[in-house]
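Structural features, examined
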Amino acid sequence: MNLSILVLLPFLGAALPPLAERFRASRTLLALSAAALPALALALMVAPARRVIAGDTVLSSLQWLPSLGLDLAFRLDGLSLMFAMLVLGIGLLIILYARYYLAANEKAGRFYAYLLLFMGAMLGVVTSDNLLLLVVFWELTSLSSFLLIGFWSHNSGARKGARMALTVTGLGGLALLAGVLLIGQVVGSYSLGEALASGDAIRASGLYPLILCLVLLGIFTKSAQFPFHFWLPHAMAAPTPVSAYLHSATMVKAGVFLLARFYPMLAGTNLWFDLVTLAGMATLIWGALAALFQHDLKGLLAYSTISHLGLITLLFGLNTELAAVAAVFHIINHATFKASLFMAAGIIDHETGTRDMRRINGLWRYMPYTAVLAMVASAAMAGVPLLNGFLSKEMFFAETLQSDRLGAMSWVLPLGATLGGVLSVAYSARFIHDVFFNGEPVNLPKFPPHEPPRYMKVPVEILVALCVAVGVFPALTVAGLLAVAGTATLGGTLPEYHLSIWHGFNLPLLMSVVALVGGVLVYSQRQRLFRWHARLPEINANLIFERAMQAVARFAGALSGRLRNGSLQTYVAWLLAVVSLVLLTQLGPHLLSGERALLPLDGVALLAGAMLIVAAVITAILHRHRMTAIMSISVVGLVVSLVFVRFSAPDLALTQLSVEVVTVMLLILAMYFLPVRTSAESGVFRVSRDLFLSVVVGGGVGVMAFAMMTSDFNSISGFFLENAKPGGGGTNVVNVILVDFRGFDTFGEITVLGIAAMGIYALLKDLKLTSPGADATGRPWARDAHPLVLVTISRPLLPLALLVSVYIFLRGHNLPGGGFIAGLVTSVALLLQYVASGVGWMHHRMPGDYHPVVALGLLLAGITGVASWLFGHPFLTSTFDYIHWPLVGKFEVASAMLFDTGVFLTVVGATLLMLANLGKLSLLDDKGAGAAYDGDETGQGGGA
Amino acid sequence: MEVMIALMIATLVGSGVYLTLRARTFPVILGITLLSYGVNLFVFVSGRLSLNQVPVVGMSENPSDPLPQALVLTAIVIGFAMTAFLVVLALRGQGEMNSDHVDGGSDGESHKEDR
């Protein structure tokens, strides 16, 4: 069976409860709909689980993004099987519990959906066989836990707790991602199997300390290890089923899961021992100490969880095989007793209305059944014999005695372990004595409390029964699972060990006894301790965290405020400043020594070049004298087309020349409508800054151009030159490239042209502008909008120009010309009529709208392309043939010609759409929309 | 000759950059136009300079590189379309906000000029 289905099931299941809620299903039905697919997943896991128990590793893989090494690869070995059972099994119990926990008016459908999302993500973490996939699921657990912790989003504590959990675990996730990427670098693959097999290579690599630190950062944040533990108590604002699930059995266990998973890869070094053991020990003691002083029931459990996670981490850090097995064992045990304790705490909260242990007392008389369950679970937490916690704790004590890494200081480890045990007994005793005995309840919001609904106790009963069963008959219950999980963790053979209650009189037993007696003693002195604790200065992690977050937000706000100050000029300047920086640092004199021989400079070229340079500079300096600027910029355009003529590019020269005409018309229109005065508003600083940028960028581009022109190169153009005639049927290679070789590009380009035209049309719709009566110096615009001479000359020019255009179009395939140039020439000819005779005059003689022309052109080009499909060729394959026309003789007909017609139509349509619509503005302005087309020979056509 | 062309490109780009940094739409339009001349020339000369070698089969022995020419040809046309779009955008801005400042806002307000 494919494992990916197993992981997919909870995700699919997340859709069911909201759906059921939509159909107003009852609360029981909702819970059933949530439980259905996880239960199915658990059932489907039986078959692969048998193979795993038999010693196999079940693998399945689907390619996802092979180029990144990211595959949907899953593995089920002993370790993942154990965790998958915890995730699914406890998850189902939680669903049952939540059915009774959630109030009738709460959005249970959404709750279950989040819970199942989390379940799927967690299942993905424990079964991933690809490191990147593991990180993806890891982040998914952070995200879904954010939703779960913040489920009561009306509560500010829940929102803050959720945000803190997400920030801390999310940052850790980023570190983990970096660590995993480095592992991938070292191993050369992101497959977990390969990475586990390359443990020696990773440990020997120079990157190992960095990898270890990054991965541990991810693990410690997730598993709430000191000093990243502070988010967990704040996450207790979540509904209790969430705490029971995420903060006992799953989410926080993801970190220690990774310790186990990466154990063969990263463990075994002194650095590992120092970092992991130290963090574990600090967490164990700090968590236990803090738990003792909590008055909140869930707070006690939260800190106790932190402490137990520290214990597990410490065990993994010891670098012995037996310690790793003990750690895995304690993961199982902690999940069972802590989940049941959280559920019991939820029941108490539910029935009394408070979680304050100073008010909850003597519940034994009101809810004896729940009391028994909670007391057994607490005893397991304390490590009382005959319960599961005792077994793993004994192993823990024994292992701390074995380590000699600390040399003469080795006694610190068992001492710390015993101290942790003492404190753990003390807070467990408090959970039992303070809640269920110790006098009468004080001022409870709900009184008298009573037993919860029957089925709410079932999940607690099951888990407590497991605690006892494992504690009494370890060999019959947990041994098999522990053996395969331990084997998978160690990635090899299992060490010799015996799960039994009695190992004889030895040092670990003594430590247990000290812990039990000492714990009770510490608890009996609690009032004195509480008074001492009350005098200590309070450290509010929430406050510190919030301040840090606000400082980050303020810094980011200030930074972006400086960069994004609303001035486009500043943005452009920043952009160019970066370009300048690159140019200044990267350009060097080595660029100026090309190997190509230079062409000699002649007088004409010198003159033309000087003209262009002077004209460009004049444009820049005198841009406020707008007429002068337009004239000088047209000089620039003309010289550019001369450059094209000179350096063997007749097509470009023709194009540039005709575009030049329409550009100048455009600029004059812009000048006409924009304010007559361009005020001088740049200060000295700004002008010098801009001058600096222009000199650096311009100079840099010039140097690059020179370096490029003087270096040799290999062009792919040989292919085009050779194949233009035999393949494309034309001798003008530029045109053949446009309509044939790179026809698809051209198709895209005319589409852009069409879109630009449509955009302009849309922008001009309903635009009202006032045209100035006079220019900047107060000279009125000419009244005679359509001078007689211009009108008279322009009209006979039209047919001649159109004829030229047809000629240029037809010869385009073999000689300079083609659709682009012919289209521009036609446009210029028609626009001249607009200028000379006015929009109204043209309107009577031309179609009013040009969009259909653009559309027709694009359609024609597209159909030509599609037509080649009919003959079984790829899009835009061209064909050609020769026919004999009377009078003309042999004439070539190419399908590319049809495509070129499309180009022609698009260019004509787009250009006229742009300029004619602009020209119309002046009419609207003068006479109002209604009278726009009335005047035949009147109106300020084009403003010229 | 190459030095001359490089100088021309440098001047076009430099003047274009300077005008693009101005505060009013009309000089910015001029600047973009100059910039596109410069860029078109730059792309064109990436085929290197050659005299009297028109890339038409049969008309020259050692034809110049046709590929940059084809690229620049469409670039010229699209550059025109873009300039036209800019002009219309500027006009629309003028119509809507009664200002030709690139940041919008009405005239007479102090713009964030010399900060």
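Parameters and conventions
Residues numbered from 1 in each chain as written. Chains lettered and ligands numbered in written order. Predicted model: local features only at pLDDT ≥ 70, side-chain atom pairs only at ≥ 80, totals over all residues. Helix = DSSP H or I, 4+ residues; strand = E, 2+ residues; numbered from the N terminus. Buried ≥ 20, exposed ≤ 12 C-beta atoms within 10 Å, placed from the backbone. Contact = placed C-beta atoms within 7 Å. Nonpolar A, V, L, I, M, F, W, Y, C, P; charged D, E, K, R; others polar. Axes fitted to C-alpha atoms, helices over the stretch in contact; angles between N-to-C directions. Parallel < 35°, antiparallel > 145°, perpendicular 65-115°, else oblique. Left-handed = near helix turned anticlockwise from the far one by under 90°. pLDDT = per-residue confidence, 0-100. Pairing = 2+ DSSP bridges. Expected span 1.5 Å × (residues − 1). Core = buried A, V, L, I, M, F, W, Y, C linked by C-beta atoms within 7 Å.

With respect to the overall build of chain A
- Assigned secondary structure in chain A consists of 40 helices and 4 strands.
- By residue count, 50% of the 944 residues in chain A fall in the buried class.
- Excluding contacts between residues fewer than 6 apart, the proportion of contacts in chain A whose partners are at least 24 apart in sequence is 78%.

Examining the overall build of chain B
- Counting its secondary structure elements, chain B contains 3 helices and 0 strands.
- Counting from the amino terminus, helix and strand elements in chain B follow one another as α-α-α.
- Across the 115 residues that make up chain B, the buried fraction comes to 63%.
- Excluding contacts between residues fewer than 6 apart, the proportion of contacts in chain B whose partners are at least 24 apart in sequence is 46%.

Digging into the interface of chain A and chain B
- Between chain A and chain B, the contact holds 100 residues from the first and 81 residues from the second.
- Counting residues per element, the side of chain A that touches chain B draws most heavily on helix H32 (residues 684-709) of chain A, which supplies 16 residues.
- Taken together, the residues of the side of chain A that touches chain B sort by class into 65 nonpolar, 26 polar and 9 charged.

Overview of the packing of helix H5 (residues 78-101) of chain A against helix H22 (residues 454-472) of chain A
Residue and element names in this part refer to chain A.
- Where H5 meets H22, the closest approach of the two axes is 7 Å, and the angle between their N-to-C directions is 150°. Classified by the angle between their axes, H5 and H22 sit roughly antiparallel to one another. As H5 runs across H22, the sense of the crossing is left-handed. For the pair H5 and H22, the contacting residues are Leu-93, Leu-96, Tyr-97 and Tyr-100 in the first and Tyr-455, Met-456, Val-458, Pro-459, Ile-462 and Leu-463 in the second.
- A class-by-class count of the residues in the contact of H5 with H22 yields 10 nonpolar, no polar and no charged.

Details of the confidence of the model for chain B
- For chain B, per-residue confidence averages 85 on the pLDDT scale, and residues scoring 70 or more make up 90% of the total.
- On the interface metric, ipTM, the complex scores 0.92, and its pTM is 0.70.

Remarks on the environment of Ala-90 of chain B
- Relative to the elements of secondary structure, Ala-90 of chain B occurs in helix H3 (residues 66-97).
- Sequence spacing of Ala-90 of chain B and Thr-25 of chain B is 65 residues, and the spatial spacing of their C-alpha atoms is 6.1 Å.
- Contact partners of Ala-90 of chain B, with chain neighbours within four places excluded, come to Ala-670 and Leu-674 of chain A together with Thr-25, Ile-29 and Asp-100 of chain B.

Structural notes on the pairing of strand S2 (residues 70-76) of chain A
Residue and element names in this part refer to chain A.
- Summarising burial for S2: 5 of the 7 residues are buried, a large majority.
- As judged from the 7 bridges shared by strand S1 (residues 58-65) and S2, these two strands associate in the antiparallel manner. Residue pairing for S2: Leu-62 is matched across the bridge by Leu-72.

A look at helix H30 (residues 626-646) of chain A
- With 21 residues, H30 of chain A should reach 30 Å at 1.5 Å per residue; the first-to-last C-alpha distance of 30 Å fits that figure.
- Every buried residue belonging to H30 of chain A is among Arg-626, Ala-629, Ile-630, Ser-632, Ile-633, Val-636, Gly-637, Val-639, Val-640, Ser-641, Val-643 and Phe-644 of chain A, and all of these are buried.
- Buried residues in H30 of chain A make contact with helix H29 (603-621) and helix H31 (650-673) of chain A together with helix H2 (25-45) of chain B.
- Downstream of H30 of chain A by one or two residues, Ser-648 of chain A has phi in the positive range, about 60°.

Let's talk about the confidence of the model for chain A
Residues and elements named next belong to chain A.
- The share of residues in chain A with pLDDT of 70 or more is 95%, and the mean pLDDT across the chain is 87.
- Mean pLDDT values for the elements of chain A range from 65 in strand S4 (residues 889-894) up to 95 in helix H11 (residues 208-222).
- Of the regions scoring below 50 in pLDDT, residues 927-944 engages in 44 contacts with residues more than four places distant in sequence or in other chains.

Focus on unusual backbone geometry
Residues and elements named next belong to chain A.
- Each neighbour pair has its own omega, and for Phe-226 with Pro-227 the value is 0°, a cis peptide bond.
- Within the secondary structure, Pro-227 sits in the loop between H11 and helix H12 (231-234).
- The backbone phi angle of Ala-224 is positive, close to 55°, even though this residue is not glycine.
- Locating Ala-224 in the fold gives a position in the loop between H11 and H12.
- For Ala-224, a count of 29 C-beta atoms within 10 Å puts it in the buried group.
- Within the chain, Asn-319 stands out as a residue other than glycine whose phi angle is a positive 65°.
- Position of Asn-319 relative to the elements: it lies in the loop between helix H17 (297-317) and helix H18 (321-352).

What to know about the nonpolar core
Residues and elements named next belong to chain A.
- Counting residues in hydrophobic clusters, the biggest one holds 203 residues, and the most contacted among them are Met-122, Ile-149, Leu-315, Ala-327, Ala-344, Ala-377 and Cys-467.
- The dominant element in this core, judged by the number of residues it contributes, is H18, at 19 residues.
- Not counting chain neighbours up to four residues away, the residues in contact with Ala-377 comprise Phe-337, Ser-340, Leu-341, Ala-344, Val-464 and Cys-467.
- Val-636, Leu-674, Ala-822 and Val-903 belong to the second largest nonpolar core, which has 135 residues in total.

Section: the environment of Ala-323 of chain A
- Positionally, Ala-323 of chain A belongs in helix H18.
- Apart from the residues within four sequence positions on either side, Ala-323 of chain A is in contact with Leu-315, Leu-318 and Glu-399 of chain A.

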